[in-house]
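A structural walkthrough
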Amino acid sequence: QVQLEESGGGLVQAGGSLRLSCAASGRTFSSYVTGWFRQAPGKERDFVAGIRWSDGSTSYADSVKGRFTISRDNAKNTVYLQMNSLKPEDTAVYYCAAKSVWGAIPRAVILYNYWGQGTQVTVST
(Lines give C-alpha, C1' and ligand atoms only; values in the text may rest on other atoms or scores of the structure.)
Protein backbone atom coordinates (compact mmCIF):
# COMPACT_ATOMS: atom_id res chain seq x y z
CA GLN A 1 0.00 0.00 0.00
CA VAL A 2 1.04 3.54 -0.75
CA GLN A 3 -0.25 6.56 1.14
CA LEU A 4 -0.15 10.00 -0.45
CA GLU A 5 -0.65 13.36 1.20
CA GLU A 6 -0.84 16.65 -0.67
CA SER A 7 -0.09 20.09 0.74
CA GLY A 8 0.63 23.59 -0.45
CA GLY A 9 -2.68 24.67 -1.91
CA GLY A 10 -4.19 28.07 -1.25
CA LEU A 11 -5.45 31.33 -2.69
CA VAL A 12 -3.24 33.28 -5.08
CA GLN A 13 -3.73 36.13 -7.52
CA ALA A 14 -3.51 35.58 -11.24
CA GLY A 15 0.11 35.60 -12.34
CA GLY A 16 1.29 34.30 -9.00
CA SER A 17 2.93 31.02 -8.01
CA LEU A 18 2.31 28.09 -5.71
CA ARG A 19 4.20 24.90 -4.99
CA LEU A 20 2.30 21.74 -4.19
CA SER A 21 3.88 18.79 -2.40
CA CYS A 22 2.91 15.13 -2.45
CA ALA A 23 4.50 13.05 0.30
CA ALA A 24 4.47 9.29 -0.24
CA SER A 25 4.73 6.63 2.45
CA GLY A 26 4.38 2.88 2.56
CA ARG A 27 5.71 0.56 -0.12
CA THR A 28 7.20 2.39 -3.08
CA PHE A 29 9.25 1.07 -5.97
CA SER A 30 11.43 2.56 -8.65
CA SER A 31 8.75 1.60 -11.16
CA TYR A 32 6.31 4.04 -9.60
CA VAL A 33 4.92 7.00 -11.45
CA THR A 34 3.39 9.92 -9.58
CA GLY A 35 0.89 12.08 -11.37
CA TRP A 36 -0.82 15.34 -10.55
CA PHE A 37 -4.46 15.71 -11.55
CA ARG A 38 -6.99 18.47 -11.04
CA GLN A 39 -10.74 18.70 -10.90
CA ALA A 40 -12.73 21.91 -11.19
CA PRO A 41 -16.36 22.07 -10.02
CA GLY A 42 -18.65 20.28 -12.43
CA LYS A 43 -15.77 19.00 -14.54
CA GLU A 44 -13.89 15.76 -14.92
CA ARG A 45 -10.60 15.05 -13.23
CA ASP A 46 -7.80 15.80 -15.69
CA PHE A 47 -4.12 14.92 -15.93
CA VAL A 48 -1.75 17.81 -15.23
CA ALA A 49 1.75 16.33 -15.00
CA GLY A 50 3.53 13.09 -14.18
CA ILE A 51 7.02 11.96 -13.19
CA ARG A 52 8.77 8.63 -13.01
CA TRP A 53 10.68 7.97 -9.79
CA SER A 54 13.46 5.95 -11.39
CA ASP A 55 14.77 8.42 -13.93
CA GLY A 56 12.81 11.64 -13.41
CA SER A 57 11.22 11.56 -16.84
CA THR A 58 8.20 13.83 -17.04
CA SER A 59 5.01 14.46 -18.97
CA TYR A 60 2.75 17.53 -19.03
CA ALA A 61 -0.68 18.47 -20.21
CA ASP A 62 -0.56 21.05 -22.98
CA SER A 63 -2.49 23.52 -20.84
CA VAL A 64 0.30 23.75 -18.25
CA LYS A 65 3.41 23.17 -20.36
CA GLY A 66 5.90 25.97 -19.80
CA ARG A 67 4.17 27.16 -16.60
CA PHE A 68 4.21 24.11 -14.32
CA THR A 69 7.19 21.98 -13.36
CA ILE A 70 7.03 18.59 -11.70
CA SER A 71 10.01 17.29 -9.74
CA ARG A 72 10.83 14.73 -7.08
CA ASP A 73 13.08 14.36 -4.06
CA ASN A 74 13.80 10.66 -3.71
CA ALA A 75 15.31 11.05 -0.24
CA LYS A 76 12.10 12.64 1.05
CA ASN A 77 9.74 10.47 -1.03
CA THR A 78 8.10 13.69 -2.15
CA VAL A 79 6.93 14.98 -5.52
CA TYR A 80 6.47 18.68 -6.14
CA LEU A 81 4.41 20.68 -8.59
CA GLN A 82 5.74 24.19 -9.06
CA MET A 83 2.99 26.31 -10.60
CA ASN A 84 3.92 29.67 -12.10
CA SER A 85 1.96 32.26 -14.08
CA LEU A 86 -1.25 30.93 -12.58
CA LYS A 87 -4.54 31.69 -14.30
CA PRO A 88 -8.09 31.68 -12.96
CA GLU A 89 -8.78 28.59 -15.07
CA ASP A 90 -6.15 26.72 -12.99
CA THR A 91 -8.58 26.88 -10.05
CA ALA A 92 -9.37 23.31 -8.97
CA VAL A 93 -8.76 20.65 -6.38
CA TYR A 94 -5.37 19.15 -7.13
CA TYR A 95 -4.74 15.47 -6.44
CA CYS A 96 -1.60 13.41 -6.57
CA ALA A 97 -1.78 9.77 -7.57
CA ALA A 98 0.62 6.88 -7.92
CA LYS A 99 0.94 3.74 -9.98
CA SER A 100 3.57 1.10 -10.53
CA VAL A 101 4.13 0.97 -14.28
CA TRP A 102 6.94 0.84 -16.79
CA GLY A 103 6.74 2.56 -20.13
CA ALA A 104 4.91 5.78 -20.90
CA ILE A 105 3.57 7.86 -18.02
CA PRO A 106 -0.18 7.19 -17.99
CA ARG A 107 -2.64 10.08 -18.17
CA ALA A 108 -5.91 8.29 -17.53
CA VAL A 109 -7.42 8.63 -14.06
CA ILE A 110 -8.58 5.03 -14.07
CA LEU A 111 -5.04 3.71 -14.41
CA TYR A 112 -3.83 5.07 -11.06
CA ASN A 113 -4.14 2.91 -7.97
CA TYR A 114 -3.39 5.31 -5.14
CA TRP A 115 -4.74 8.81 -4.51
CA GLY A 116 -4.29 11.59 -2.02
CA GLN A 117 -7.14 13.56 -0.48
CA GLY A 118 -6.61 16.64 -2.64
CA THR A 119 -5.67 20.26 -2.00
CA GLN A 120 -7.60 23.32 -3.16
CA VAL A 121 -5.95 25.85 -5.44
CA THR A 122 -7.86 29.06 -6.08
CA VAL A 123 -6.58 31.70 -8.50
CA SER A 124 -8.30 35.06 -8.28
CA THR A 125 -8.50 37.71 -10.99
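All values reported here derive from a predicted model rather than from experimental measurement.

Cut-offs and rules
- Residues numbered from 1 in each chain as written.
- Predicted model: local features only at pLDDT ≥ 70, side-chain atom pairs only at ≥ 80, totals over all residues.
- Heavy atoms only, no water.
- Helix = DSSP H or I, 4+ residues; strand = E, 2+ residues; numbered from the N terminus.
- Rg over C-alpha atoms; globule rule 2.2 N^0.38 Å.
- Contact = heavy atoms within 4.5 Å.
- Areas by Shrake-Rupley, 256 points an atom, 1.4 Å probe, with all protein chains shown as cover.
- Lys, Arg positive; Asp, Glu negative; His and termini not counted.
- Charge placed at Lys NZ, Arg CZ, Asp CG, Glu CD.
- Disulfide = S-S within 2.5 Å.
- Core = buried A, V, L, I, M, F, W, Y, C linked by side-chain atoms within 4.5 Å.
- Buried < 20%, exposed > 50% of the residue type's maximum accessible area, 1.4 Å probe, protein only.
- Pairing = 2+ DSSP bridges.
- Axes fitted to C-alpha atoms, helices over the stretch in contact; angles between N-to-C directions.

Per the secondary structure count, the protein chain includes zero helices and eleven strands. Sequence-ordered secondary structure for the protein chain, helices as α and strands as β, is β-β-β-β-β-β-β-β-β-β-β. Taking 125 residues into account, the globule formula puts the C-alpha radius of gyration at 14 Å, and the protein chain, at 13 Å, falls close to it. In terms of overall dimensions, the protein chain has C-alpha extents of about 40 × 30 × 25 Å along its principal axes. In the protein chain, the proportion of contacts linking residues at least 24 apart, taken out of those at least 6 apart, comes to 58%. When the accessible surface of the protein chain is split by element, carbon and sulfur atoms take 48% of a total near 6,300 Å². Positive and negative side-chain charges in the protein chain, numbering 13 and 9 respectively, have mean positions lying 4 Å apart.

This part covers the state of the cysteines. As enumerated under the stated definition, the model contains one disulfide in all. Each sulfur in the disulfide pair Cys22 and Cys96 lies 2.1 Å from the other. What sets the handedness of the Cys22 and Cys96 disulfide is the S-S torsion sign, and at about 65 degrees it is right-handed. Here Cys22 is found in strand S3 (residues 18-26), whereas its partner Cys96 is found in strand S9 (residues 92-100), with 74 residues between them in sequence.

Before going further, it helps to spend a moment on unusual backbone geometry. Even without glycine at this site, Asn77 takes up a positive phi of about 50 degrees. Examined against the element boundaries, Asn77 turns out to sit in the loop between strand S7 (68-73) and strand S8 (78-83). The backbone of Ser85 sits at a positive phi, close to 50 degrees, despite the residue not being glycine. In this fold, Ser85 is placed in the loop between S8 and S9.

Grouped burial of nonpolar side chains is what soluble globular proteins tend to show. Among the nonpolar cores identified, the biggest contains 36 residues, and Trp36, Leu81, Met83 and Tyr94 are the most heavily contacted of them. Elements represented by at least two residues in this core include exactly strand S1 (2-7), S3, strand S4 (32-39), strand S5 (46-52), S7, S8, S9 and strand S11 (119-124). Looking at this core, the element that brings in the most residues is S9, giving five residues.

Our focus in this paragraph is the pairing of S9. Counting buried positions along S9 yields seven of nine residues, so the element is predominantly enclosed. In terms of strand pairing, S4 meets S9 through eight bridges, oriented antiparallel. Looking at S9, one finds that Val33 is bridged to Lys99. In terms of strand pairing, S9 meets S11 through three bridges, oriented antiparallel. Looking at S11, one finds that Tyr94 is bridged to Thr119. The pairing of S9 with strand S10 (residues 114-115) spans two bridges and is antiparallel. Bridged to Ala98 within S10 is Tyr114.

A word on the sheet that holds S8. Pairing within the open sheet is antiparallel, and its four strands lie in the order S1-S3-S8-S7. Only two strands of the sheet have a single partner each, and these edge strands are S1 and S7. Neighbouring strand axes in the sheet, compared pairwise and without regard to direction, differ in orientation by 20 degrees on average. Pairing between S1 and S3: six bridges, direction antiparallel.

That is the geometry; function is a separate question.
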